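Summary of structural features
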Amino acid sequence: MSYALAFSATDAAELWAEAGAAAEALVAGEPDGIANMANISALIWQAIPDLNWAGFYRFDGTELVLGPFQGKAACIRIPLDKGVCGAAARLRATQRVEDVHAFPGHIACDADSRSELVVPVVVGDRLVGVLDLDSPRPSRFTADDQTGAESLVARIAAALAGQN
Ligand code: SME
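Residues numbered from 1 in each chain as written. Predicted model: local features only at pLDDT ≥ 70, side-chain atom pairs only at ≥ 80, totals over all residues. Heavy atoms only, no water.

Neighbouring the ligand are 13 residues; Val84, Cys85, Ile107, Glu116 and Asp134 lie closest to it. Within the contact set of the ligand, a nitrogen atom lies 2.7 Å away from a backbone nitrogen or oxygen of Ile107. Within the side chain of Asp132, an N or O atom sits 3.4 Å from an oxygen atom of the ligand. In isolation the ligand exposes 300 Å². Once the protein is present, 99% of that is buried. With respect to the detected pockets, the ligand is housed in the largest cavity. Elements represented by at least two residues in the shell around the ligand include exactly β1 (53–59), α3 (83–91) and β6 (126–135). (Near = heavy atom within 4 Å. Polar contact = N/O pair within 3.5 Å; in protein donor to acceptor, adjacent residues only side chain to side chain. Areas by Shrake-Rupley, 256 points an atom, 1.4 Å probe, with all protein chains shown as cover. 1 Å grid on protein atoms, 1.4 Å probe; cavity = no way out; pocket = protein on both sides within 12 Å on 5 of 7 lines; lining within 4 Å. Sits in = over half its atoms within 2 Å of the grid points. Helix = DSSP H or I, 4+ residues; strand = E, 2+ residues; numbered from the N terminus.)

Another point: the packing of helix α2 (residues 33–47) against helix α4 (residues 143–160). Axes are the key here: two packed helices are described by the angle between their axes and the distance separating the axes. Across the interface, α2 lies against α4 with an axial gap of 9 Å and an inter-helix angle of 150°. If you check the angle between α2 and α4, you find them roughly antiparallel. Residues Gly33, Asn36, Met37, Ile40 and Ile44 of α2 form the contact with α4, whose own contacting residues are Leu152, Ile156, Ala159 and Leu160. In the contact of α2 with α4, the residues fall into 7 nonpolar, 2 polar and no charged. (Axes fitted to C-alpha atoms, helices over the stretch in contact; angles between N-to-C directions. Parallel < 35°, antiparallel > 145°, perpendicular 65-115°, else oblique. Contact = heavy atoms within 4.5 Å. Nonpolar A, V, L, I, M, F, W, Y, C, P; charged D, E, K, R; others polar.)

None of this, on its own, says anything about what the molecule does.
Rendered as structure tokens:
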């Protein structure tokens, strides 16, 4: 496959659809979950505007551990009762936070972050980790971004889990 990815949509839903299709092609046939997380964080970083952090935390059976990402160096371990990422993992539900300063327990890894979208990665009943997107813009993430990110994750969850 070609690694020269290009994204042309301007509408968020279409952009996520393009990103989701590219993501599926990128992980096709690759069983290494970390390699897939690395490429998908790069793909999202390239495709989705106004992000200051994009990447994964992996669930080690106890807590979340930093995985492949784009952006500044970040906190390494996040207990499930802490932060936006912990909430997404614990509740197995996407957290879309308009203003991170108003979220109780938000962990400020990058002081530039103002809004955040965290999607749990679940395969069957196994929690694999979370996809975490941060933006320096308040209320950056819309319902379309949430739906788009959730469907991208759903399309490639097995590949992220190393079960491709
Ligand atoms: N803000 C996240 C921590 C991870 S960093 O943003 C990369 C949280 O509150 O869980």
